[in-house]
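What the coordinates show
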Amino acid sequence: MNEENKEEVNEQAAGLSFGEAEGFGIFEGHFQATVEDEERKINLNIRPGNASEKEGMKKALMSLIEPVQYDILFENPDKYGQYHDRNEIINAVVDWIDPDNVMEGFDSGDEASRYEYLDEHYPSRNHFFDTLDEVQLVAGIDDRFWNLFSDSLTIYRTKKININTCNPEVMRSLLYQYLAEPLPQETEMTAILDKIMAFRLEAGGFWNEDGFLNYLTLGPDLVLEIKDGANGKRALRNAITVKSEIFTIKAEGDINNVYRNIRVVMKKDGTLLYYREE
């Protein structure tokens, strides 16, 4: 979080007095809450008719799942005995959203055939994802995939990646898309990511998008080459941000053995996108 965001949060919190708030007092139990921005993640809910959005999502998702350490996931069958390669899963994500019934990447072939092996098979929905959990219905996205990548995915139509909050896996995906070839091998990429994360922690984040580009390319920590020169730098700059607009709030608590879990997704302006209470 940069200083501007810290000041904004402090100003908003300065006038709050929970001791005077109704409903707060002495009780036995606990309460905790977390806030996480969605811009730290890769958006899957693209407009399928928008070629730029579709290709951008496919490249970002491929860059996320492509590293060799994940080969074992795609080389072994799921619990139904089915094999799913990387391209097949990415195309299945597109097919879940797009309005037609033709398999992505082919001139023919019914999307529903991806799900015929299930005991209770279903077709692709041909509609935007309504919740993140719905993504688990896509062919090839099983528990193994979900445990590895769900923290890096969103369906809330974020437009850019927040370079100050994204995890190393999403940062790796971003760099793989924009660095010039030959791309760094995994050992070198890990060292690059370690430097970025360490700088982000020590400096309190990147002040702006140009600061991130300068850090990548001008040293002293890193001197990396962005593909396509000035055009590539411009494209990378347009793909990143240091500010977030959509946030997930998770709260849980219990009072006198009464438990509640609440998950809310909302925009910075207060627009509610999702609410669930259990």
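Residues numbered from 1 in each chain as written. Predicted model: local features only at pLDDT ≥ 70, side-chain atom pairs only at ≥ 80, totals over all residues. Heavy atoms only, no water.

**What to know about unusual backbone geometry**
For the record, the criterion: By the criteria applied, helices consist of DSSP H or I runs no shorter than four residues and strands consist of E runs no shorter than two, each listed in order from the N terminus. Each residue is assigned to one of three classes by its accessible area relative to the maximum for its type, calculated with a 1.4 Å probe on protein chains only: buried under 20%, partly exposed between the two thresholds, exposed over 50%.
Here the bond from Glu181 into Pro182 is cis, since omega is 0°, no more than 30 degrees from zero. In this structure, Pro182 sits in the loop between helix H6 (168-178) and helix H7 (186-203). Residues Gly219 and Pro220 are joined by a peptide bond in cis, for which omega reads 5°. For Pro220, the position within the fold is in the loop between helix H8 (209-217) and helix H9 (229-239). You will see that Arg157, though not glycine, has its phi angle at about 55°, which is positive. Take Arg157: its relative accessible area is 30%, and that puts it in the partly exposed class. Despite not being glycine, Asp228 has its phi angle at roughly 65°, a positive value. With respect to the helices and strands, the residue Asp228 is situated in the loop between H8 and H9. A relative accessible area of 62% places Asp228 in the exposed class.

**Some points on the confidence of the model for the protein**
Inclusion rule: Predictor confidence is given residue by residue as pLDDT, running from a minimum of 0 to a maximum of 100. Residues count as neighbours in contact if any of their non-hydrogen atoms are within 4.5 Å of one another.
Per-residue pLDDT for the protein has a mean of 91; in total, 90% of the residues score no lower than 70. Considering only residues more than four positions removed or in separate chains, one finds that residues 8-19, a stretch of pLDDT under 50, has three contacts.

**Points about H7**
Applicable threshold: What a helix should span is 1.5 Å times the count of its residues minus one. Note that the arc is computed from the directions linking the helix axis to the C-beta atoms.
Spanning 18 residues, H7 covers 25 Å between terminal C-alpha atoms, matching the ideal 26 Å at 1.5 Å per step. Here H7 has its buried residues at Met189, Ile192, Leu193, Ile196, Met197 and Arg200. Angular distribution of buried residues about the axis of H7 spans 130°; they occupy a single face of the element. Exposed residues pointing more than 90 degrees away from the buried face of H7 are listed as Thr187, Leu201 and Glu202. Where H7 is buried, its residues meet H6 and H8.

**Some thoughts on the packing of helix H2 (residues 51-65) against helix H4 (residues 86-97)**
Helix-helix packing is characterised by the crossing angle of the two axes and by the distance between the axes. Quick reminder of the rule: Helix axes are fitted to C-alpha atoms over the stretch in contact, other axes to C-alpha atoms as well, and angles between N-to-C directions run from 0 to 180 degrees. The crossing is said to be left-handed when, going from far helix to near helix, the turn is anticlockwise and less than a right angle, and right-handed when the turn is clockwise. Residues are grouped as follows: Ala, Val, Leu, Ile, Met, Phe, Trp, Tyr, Cys and Pro are nonpolar; Asp, Glu, Lys and Arg are charged; all remaining types, including Gly, are polar.
Interaxial distance between H2 and H4 falls to 10 Å at its minimum, and their mutual angle equals 145°. Seen from above, H2 lies across H4 with right-handed handedness. When H2 is examined against H4, the residues Lys54, Met57, Lys58, Leu61, Met62 and Ile65 are found in contact with a partner set consisting of Arg86, Asn87, Ile90, Asn91, Val93 and Val94. A per-class count over the contact of H2 with H4 returns seven nonpolar, two polar and three charged.

**Some thoughts on the sheet that holds strand E7 (residues 258-267)**
Rule in force here: Two strands form a pair only when DSSP identifies at least two bridges running between them.
Taken together, four strands build an open sheet; the order of strands is E1-E6-E7-E8 and the sheet is antiparallel. In the strand order of this sheet, the two ends are held by strand E1 (29-37) and strand E8 (272-277), each with one partner. On average, each strand axis in the sheet is tilted by 10° relative to the strand beside it, whichever way the strands run. For strand E6 (residues 246-255) and E7, the ladder comprises 10 bridges, and the chain directions are antiparallel.

**Structural notes on the pairing of E8**
Every regular strand shows the same layout, with side chains that alternate between the two sheet faces. As judged from the five bridges shared by E7 and E8, these two strands associate in the antiparallel manner. Bridging from a neighbouring strand, Ile262 pairs with Glu277 of E8. A loop of four residues connects E7 with E8, the two strands running antiparallel in sequence, and Gly270 in this loop sits at a positive phi of about 100°.

**Observations regarding the pattern of salt bridges**
The following threshold applies: One speaks of a salt bridge when a side-chain nitrogen belonging to Lys or Arg is within 4 Å of a carboxyl oxygen belonging to Asp or Glu.
As enumerated under the stated definition, the model contains 18 salt bridges in all. A salt bridge links Glu134 to Arg125; the shortest N-O distance between them is 3.2 Å. Judged by relative accessible area, which is 10%, Glu134 ranks as buried. Given the relative accessible area of 37%, Arg125 is considered partly exposed. A salt bridge links Glu278 to Arg276, with the shortest nitrogen-to-oxygen separation between them at 2.8 Å.

**Describing the packing of aromatic side chains**
Cut-off, in case you're wondering: Only centres within 6.5 Å qualify two rings of Phe, Tyr or Trp (six-membered ring in Trp) as a pair; their planes then separate them into stacked at under 30 degrees, edge-to-face at over 60, and tilted for everything else.
The tally for this structure, following the rule as stated, stands at 11 aromatic pairs. Grouping aromatic residues by their ring pairs yields a cluster made of Trp96, Tyr115, Tyr122 and Phe129.

**Re the side chain of Ser63**
In this structure, Ser63 sits in helix H2. Judged by relative accessible area, which is 7%, Ser63 ranks as buried. Setting aside anything within four residues of it in sequence, one finds Ser63 in contact with Ser173, Tyr176 and Gln177.

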